[in-house]
Amino acid sequence: MATATFLSFSAAAPSPRARVRRVQTTRAAASATDRPREVVSPKRRLPLRKVPGDYGPPVVGALRDRLEYFYGPGGRDGFFTARVRAHGSTVVRLNMPPGPFVARDPRVVALLDAASFPVLFDTSLVDKTDLFTGTFMPSTELTGGYRVLSYVDPSEPNHGPLKSLLFYLLSHRRQHVIPMFREVYGDLFGLMENELARVGKADFGHYNDAAAFSFLCQALLGRDPTESALKGEGPKLITKWVLFQLSPLLNLGLPKLVEDSLLHSFRLPPALVKKDYDRLADFFRDAARGVVDEGERLGVPREEAVHNILFAMCFNSFGGMKILFPTLVKWLGRAGARTHGRLATEVRDAVRAHGGGEVTMKALAEMPLVKSAVYEALRIEPPVAMQYGRAKRDMVVESHDYGFEVREGEMLFGYQPMATKDPRVFARPEEYVPDRFLGEDGARLLRHVVWSNGPETVSPTLQDKQCAGKDFVVLIARLLVAEIFLRYDSFDVQVGASALGSSVTVTSLKKATF
């Protein structure tokens, strides 16, 4: 099993060879007395401050932070909130898991507010090479021997062709997306109704896993995976494969010492999941043949295209639906009957007036509350909580109140929930407010919704790392809300914890009465 070597390091700022940036200064106004020069940030003229926090002793400091991150009071949110309070700053130095002995260097400068976070989107300032999962990169043995697009920086020559391939994958069968979603998720709700009638509750996540993979394959590739050699095992194989990639970052609820020793200190051997991965690759080699052909026209070798399509559909898309859809159902379920009534009225009126009784793009465009409710779920609990980037040069990162000097080569890390629940930007940030993004005031807030590794107000390009499926994800989330409220007046849920997102059990479905 290949593991990274954990290098010794000190708490001092790294990259002693980095160029020292000349900091702009201004002289305070004074009539007769020379006052000390005030050093300020170049963009907003904020006072400069040294990034507070420390990394602790080598190895020991990283282990301390890892244990607090996974098992400390307040969980993951509490880990970051405690440091903000301790240092009086939303930009701090800390160690990010996994640390020893998986990641070579766990030291980061953490960006924990809406003002500093967006620097991670600027690829002229930060390098994204091999940083998709943070301070460590899973073995390429888990992706057919290839560095797939998520780990490729836009400056690399294969980034453009690979992202173009994903744009094609998402768009070439666009006319099948809505009807296939309604068919597959209509079956899901039928199965859940039967389960509710039989035992009084239904696990949404269980049915969603099967529906998500079936929908993606049929809508984007025109193939039903249950009619292939995979049969109904696709979601199980994917979940196991994802576990082998993300195990150093997960909390599975095992006894602390067992979990930390087995999952967070060493990598799980890729050989243990190779047969499962090969079964997935065989399916996509056949089912995605037309998309692979397009990849070849774009200059992407066929086998590399296969593994990128597999990763995009299984890790990015299926994994995203596995997290986002239960999250969305959780927050909608908790929103209560009044919100359910508003959504049901909007959905049914739009479908009758603009869809001829069917869900269409025109009908969806007349459902602003549905769209706002989706954006609010993406804000309050983004499906990908963490982003990373390595500083390409010396720079000043600005929070709301201060500028902070960052040296070339330092790792920047952003914890997105603290950026998208920043009280300096959002009123009642900890509350799910379904109509938050309605009207002109709501539209102005959308630039702070950044779940896609970029603002909601911009579209992904070949030159950035914003999610290629940004609009696709918002579309299918809106379709889920529309499907629910076409069928039901209201519903109730019970919510539990899960290694990936939330565990949601539906306890009642009140069928549509108007």
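Quick caveat: nothing in here was measured; it's all calculated off a predicted structure. (Residues numbered from 1 in each chain as written. Predicted model: local features only at pLDDT ≥ 70, side-chain atom pairs only at ≥ 80, totals over all residues. Heavy atoms only, no water.)

Of the regular secondary structure elements, the protein holds 16 helices and 13 strands. Overall, the protein is about 75 × 55 × 50 Å in size when its C-alpha atoms are taken along their principal axes. When the 514 residues of the protein are sorted by exposure, 54% land in the buried category. For the protein, the share of sequence-separated contacts (at least 6 apart) that also reach a separation of at least 24 residues comes to 70%. Positive and negative side-chain charges in the protein, numbering 67 and 58 respectively, have mean positions lying 4 Å apart. (Helix = DSSP H or I, 4+ residues; strand = E, 2+ residues; numbered from the N terminus. Buried < 20%, exposed > 50% of the residue type's maximum accessible area, 1.4 Å probe, protein only. Contact = heavy atoms within 4.5 Å. Lys, Arg positive; Asp, Glu negative; His and termini not counted. Charge placed at Lys NZ, Arg CZ, Asp CG, Glu CD.)

Here the UniProt-annotated "binding site: heme" (unreviewed entry) positions come out as C467. Those residues in contact with C467 that sit more than four places away from it in its chain are S452 and P460. (UniProt positions renumbered as here; feature names shortened; annotations may be inferred.)

Relative orientation of the contacting elements helix α5 (residues 204-221) and helix α10 (residues 302-335) amounts to 135 degrees, with a least axis distance of 10 Å. With respect to each other, α5 and α10 are oriented oblique. The handedness of the crossing between α5 and α10 comes out as right-handed. Across the interface between the two elements, F204, N208, D209, A212, F213, F215, L216, C217, L220 and L221 of α5 pack against M313, C314, S317, F318, M321, K322, F325, P326 and V329 of α10. (Axes fitted to C-alpha atoms, helices over the stretch in contact; angles between N-to-C directions. Parallel < 35°, antiparallel > 145°, perpendicular 65-115°, else oblique. Left-handed = near helix turned anticlockwise from the far one by under 90°.)

One finds Y185, F215, W241 and F325 to be the most contacted residues of the largest nonpolar core, which totals 113 residues. Of all the elements, α10 adds the most residues to this core, at 17 residues. Discounting chain neighbours no more than four positions away, the residues touching Y185 are N208, A211, A212, F215, M321, F325 and L480. (Core = buried A, V, L, I, M, F, W, Y, C linked by side-chain atoms within 4.5 Å.)

Counted at 1.5 Å a residue, the expected span for helix α1 (residues 60-71) with its 12 residues is 16 Å, and the 16 Å between its end C-alpha atoms agrees. Buried within α1 we find G61, A62, D65, R66, Y69 and F70. Seen along its axis, α1 keeps its buried residues to an arc of 150 degrees; they face one direction. Buried-residue contacts for α1 involve α2 (75-87), β4 (91-95), α7 (256-264) and β8 (386-391). (Expected span 1.5 Å × (residues − 1). Arc of directions from axis to C-beta.)

A few words on the packing of aromatic side chains. Taken as a whole, this structure holds 32 aromatic pairs when the rule is applied. With centroids separated by 5.6 Å and ring planes inclined at 70 degrees, the aromatic side chains of F117 and F121 adopt a geometry described as edge-to-face. On the accessibility criterion, F117 (1% relative accessible area) is buried. Grouped by ring-pair contacts, the aromatic residues Y69, F70, Y71, F79, F80, Y388, F413 and Y415 constitute a single cluster. We note R107 situated over the ring of Y55; from NZ or CZ to the ring centre the distance is 5.8 Å. The ring centre of W331 lies 5.5 Å from the NZ or CZ of R334, which sits over that ring. (Phe/Tyr/Trp six-rings, centres within 6.5 Å; stacked < 30°, edge-to-face > 60°. Lys NZ or Arg CZ within 6 Å of the ring centre and 35° of its normal.)

By the definition in use, this model includes 0 disulfides. Take C314: it sits in no disulfide, and the sulfur closest to it among the cysteines is that of C217, at 6.9 Å. Classification of C314 by relative accessible area gives buried; the value is 0%. (Disulfide = S-S within 2.5 Å.)

As summarised here, the arrangement of the 5 strands in space is β4-β5-β11-β8-β6, forming an open sheet in which the pairing is mixed. Only two strands of the sheet have a single neighbouring strand rather than two, namely β4 and β6 (126-127). Along the sheet, α1 contacts β4 and β8; its crossing angle with β4, the most-contacted strand, is approximately 105 degrees. Across the sheet, α2 touches β4, β8 and β11 (411-415), and the angle it forms with β4 is around 125 degrees. (Pairing = 2+ DSSP bridges.)

The omega torsion of the bond from P97 to P98 falls at 15 degrees, within 30 degrees of zero and hence cis. As for its position among the elements, P98 is in the loop between β4 and β5 (107-111). The backbone of V59 shows a phi angle near 70 degrees, a positive value even though the residue is not glycine. Tracing the backbone shows V59 in the loop between β3 (48-49) and α1.

Of all the 5 residues making up β5, 5 are buried; the element is thus mostly covered by neighbouring parts of the structure. Side chains R107, V109 and L111 of β5 all project onto a buried face; the interleaved residues V108 and A110 project onto the opposite face, where all are buried too. Bridging between β4 and β5 involves 5 bridges; their strand directions are antiparallel. The partner of V91 across the bridge, within β5, is L111. With 3 bridges connecting them, β5 and β11 associate as parallel partners. Across the sheet, residue A110 finds its bridge partner in β11, namely F413.

On to the packing of α1 against α2. Where α1 contacts α2, the axes come no closer than 6 Å and their chain directions differ by 125 degrees. By the angle class used here, α1 and α2 are oblique. Across from D65, E68 and Y69 in α1, the residues of α2 making contact are G75, R76, F79, F80 and R83. Class assignment for the residues of the contact of α1 with α2 results in 3 nonpolar, 1 polar and 4 charged. (Nonpolar A, V, L, I, M, F, W, Y, C, P; charged D, E, K, R; others polar.)

For the rest of this paragraph, the subject is the sheet that holds β3. Ordered by their spatial adjacency, 3 strands build an open sheet running β3-β10-β9, and the pairing between neighbours is mixed. Because the sheet does not close on itself, it has two edges, and the strands there are β3 and β9 (395-398). Pairing analysis gives 2 bridges linking β3 to strand β10 (residues 403-406), with the strands arranged parallel. Bridged to R49 within β10 is F404.

All right, on to the pairing of β11 then. In terms of burial, β11 is largely enclosed, as 5 of its 5 residues are buried. The pairing of β8 with β11 spans 5 bridges and is classified as antiparallel. The partner of R390 across the bridge, within β11, is M411.

Let us now look at the pattern of salt bridges. If you walk through the whole model with that rule in mind, you get 40 salt bridges. Note that D130 is salt-bridged to R147, the shortest N-O span being 2.8 Å. Placement of the pair is D130 in the loop between β6 and α3 (159-171) and R147 in the loop between β6 and α3, with a sequence separation of 17 residues. Note that K510 and D492 form a salt bridge whose closest N and O atoms lie 2.9 Å from each other. You can see K510 sitting in strand β13 (residues 502-511) and its partner D492 sitting in strand β12 (residues 488-497), a full 18 residues away along the chain. Residue D492 is classed as partly exposed on the basis of its relative accessible area, which comes to 33%. (Salt bridge = Lys/Arg side-chain N within 4 Å of Asp/Glu carboxyl O.)

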